[in-house]
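Letter by letter, the chains look like this.
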Amino acid sequence: MNDILLHTEHVTKTYGKQKALDDVSITLQRGEIYGLVGNNGAGKTTLMRLIAGQSPMESGEIQLFGGRTEAELRKNRRRMGTLIETPGFFSYLTARENLEYFRLQFGIPGKDIVEGTLEEVGLGDAGNKKYKNFSLGMKQRLGLALAIMHSPEFLVLDEPINGLDPEGIIEIRSLLQKINSKKNVTILISSHILPELSSIATRYGFLKNGVLLEELSAQELLRKCSVYVELQVSDVKKASVVLETRLGIRNYQVYPDGYLHVFEKLDQVDQICREVVLADIGLFSAHKQAMDLESYYVNLMGGTQ
Ligand code: ATP
């Protein structure tokens, strides 16, 4: 399958002296759920705004549904729905009234669509509730309802699960999964918490200070967050030599306080331990561990979040 829905090429955006995006190129295939992950200020919103046409391009190019010119992009953006920062809902109107207002504003045909969309996002019973009395989760759902009301083929969602409780996160995630699998809607979703996206994203892009550090598939990430053996030894330098020369191990990492993480030959842990001890190196501990997503992310970002 090679059906590119969105491609950003060398996109750069500067605010004053601040480079919010620096040469960012990402690619989304149709049907994917692409998780854009990065800490506060990484440039996620800036990139999404450019894709959505809410902010002028500075340099680089955006291709959307095959279109590149301003006119093509304007036309093709009608096929996308966005939730970038909280939409301007009216606090004294109900959920239903708010959606009806925007339906008329956007010229979306069919009054029934409001009811159907409220149902779809799980707000079927809250249609008569005023927006000002909504919980954060309900507000996020209504924002999502507005984004999907015109049946877009592509959704751009900026931190739609930010601030939700675990139950709310699960609900929104399963809603997005449903929209993706049942309607084949491609989704670009941002978060600053990698594990929040782990069960739904099929591809990831990691942003830091406006730079795309890495783009990889969910399977590749899973492989990277693999199982390893953690050894604590009296002399890491000596132990490294043993790993390389006696066991032919190249895929390992050295950490402070005598720790080593070995990522290969995990079926020979007893052999690894024996060789270390035979070389007269103190072996204080050895156990299998799994690098979790959170640790992978913190490592990639170069320190604590
Ligand atoms: P967050 O998770 O905090 O929303 P983000 O990854 O979405 O962060 P952006 O909001 O895109 O990051 O911001 C990227 C950088 O650009 C930040 O340093 C921010 O201060 C700056 N920035 C964003 N919008 C503007 C603006 N309108 N004017 C000036 N600077 C801006």
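Here is what the cut-offs are and how they apply
Residues numbered from 1 in each chain as written. Predicted model: local features only at pLDDT ≥ 70, side-chain atom pairs only at ≥ 80, totals over all residues. Heavy atoms only, no water. Helix = DSSP H or I, 4+ residues; strand = E, 2+ residues; numbered from the N terminus. Contact = heavy atoms within 4.5 Å. Lys, Arg positive; Asp, Glu negative; His and termini not counted. Charge placed at Lys NZ, Arg CZ, Asp CG, Glu CD. Pairing = 2+ DSSP bridges. Axes fitted to C-alpha atoms, helices over the stretch in contact; angles between N-to-C directions. Salt bridge = Lys/Arg side-chain N within 4 Å of Asp/Glu carboxyl O. Buried < 20%, exposed > 50% of the residue type's maximum accessible area, 1.4 Å probe, protein only. Phe/Tyr/Trp six-rings, centres within 6.5 Å; stacked < 30°, edge-to-face > 60°. Lys NZ or Arg CZ within 6 Å of the ring centre and 35° of its normal. Arc of directions from axis to C-beta.

1. Notes on the overall build of the protein chain
- Check the secondary structure of the protein chain and you find 11 helices and 13 strands.
- Along the first, second and third principal axes, the C-alpha atoms of the protein chain reach 80 × 45 × 40 Å.
- Of all intrachain contacts in the protein chain linking residues separated by at least 6 positions in sequence, the fraction that spans at least 24 positions is 68%.
- For the protein chain, the distance from the average position of its 35 positive side-chain charges to the average position of its 38 negative side-chain charges is 4 Å.

2. Focus: the sheet that holds strand E2 (residues 18–29)
- Pairing is antiparallel in the open sheet, where three strands are placed in the order E2-E1-E4. If you trace the sheet from one side to the other, it starts and ends with E2 and strand E4 (59–64), each paired once. Averaged over all adjacent pairs, the angle separating strand axes in this sheet is 15 degrees, with direction ignored.
- Bridging between strand E1 (residues 4–15) and E2 involves eight bridges; their strand directions are antiparallel. Looking at E2, one finds that Ile4 is bridged to Gln29.
- Sitting on the sheet, helix H1 (residues 44–52) touches E1, E2 and E4, and the angle it makes with E1 is about 120 degrees.

3. Some words on the pattern of salt bridges
- Within this structure, the stated rule accounts for 16 salt bridges.
- One salt bridge in this structure joins Lys44 and Glu159, with 3.6 Å as the shortest N-O distance. Taken together, the residues span a long stretch of sequence, with Lys44 in helix H1 and Glu159 in the loop between strand E6 (154–157) and helix H6 (166–183) at a distance of 115 residues.
- Among the residues examined, Lys44 registers a relative accessible area of 5% and is labelled buried.
- A salt bridge links Glu85 to Arg49, with the shortest nitrogen-to-oxygen separation between them at 2.7 Å. Of this pair, Glu85 sits in the loop between strand E5 (80–83) and helix H3 (95–106) while Arg49 sits in helix H1, placing them 36 residues apart in sequence.

4. Let's talk about the sheet that holds strand E3 (residues 33–37)
- Taken in spatial order, the six strands of this open sheet run E5-E6-E7-E3-E8-E9, and their pairing is mixed. Of all strands in the sheet, those with a lone pairing partner are E5 and strand E9 (211–217), marking the two edges. Strand-to-strand twist in this sheet, taken as the mean axis angle between neighbours without regard to direction, amounts to 15 degrees.
- Of the strand pairs in this sheet, E6 and strand E7 (residues 186–191) are connected by four bridges, and their pairing is parallel.

5. Some points on the packing of aromatic side chains
- Per the stated rule, a full pass over the model turns up 10 aromatic pairs.
- Aromatic pair Phe102 and Phe106: ring centres 5.9 Å apart, planes at 35 degrees, arrangement tilted. Placement of the pair is Phe102 and Phe106 together in helix H3, with a separation of four residues, close to one helical turn.
- By relative accessible area, Phe106 is classed as exposed at 54%.
- Taking the centre distance of 6.0 Å and the plane angle of 15 degrees together, the rings of Tyr204 and Phe206 count as stacked. Comparing Tyr204 with Phe206, the two get one shared label, buried.
- Counting every residue linked through ring pairs, the aromatic cluster contains Phe89, Phe90, Tyr101, Phe102, Phe106, Tyr131 and Phe134.
- Sitting over the face of the ring of Phe65, Arg79 holds its NZ or CZ atom 3.8 Å from the ring centroid.
- Note that Lys139 overlies the ring of Tyr131, its terminal NZ or CZ placed 5.3 Å from the centroid.

6. Observations regarding H1
- The element H1 is extensively covered by neighbouring structure, given that seven of its nine residues are classed as buried.
- Residues Lys44, Thr46, Leu47, Met48, Leu50, Ile51 and Ala52 constitute the buried set of H1.
- At the C-terminal side of H1, Gly53 shows a positive phi close to 75 degrees.

7. Notes on helix H4 (residues 112–120)
- Within H4 the residues assigned to the buried category are Val114, Thr117 and Leu118. When H4 is viewed along its axis, its buried side chains cluster within an angular range of 100 degrees and face the same direction. Turned more than 90 degrees off the buried face of H4, the exposed positions are Asp112 and Glu119.
- Against the buried residues of H4 lie H3 and helix H5 (136–148).

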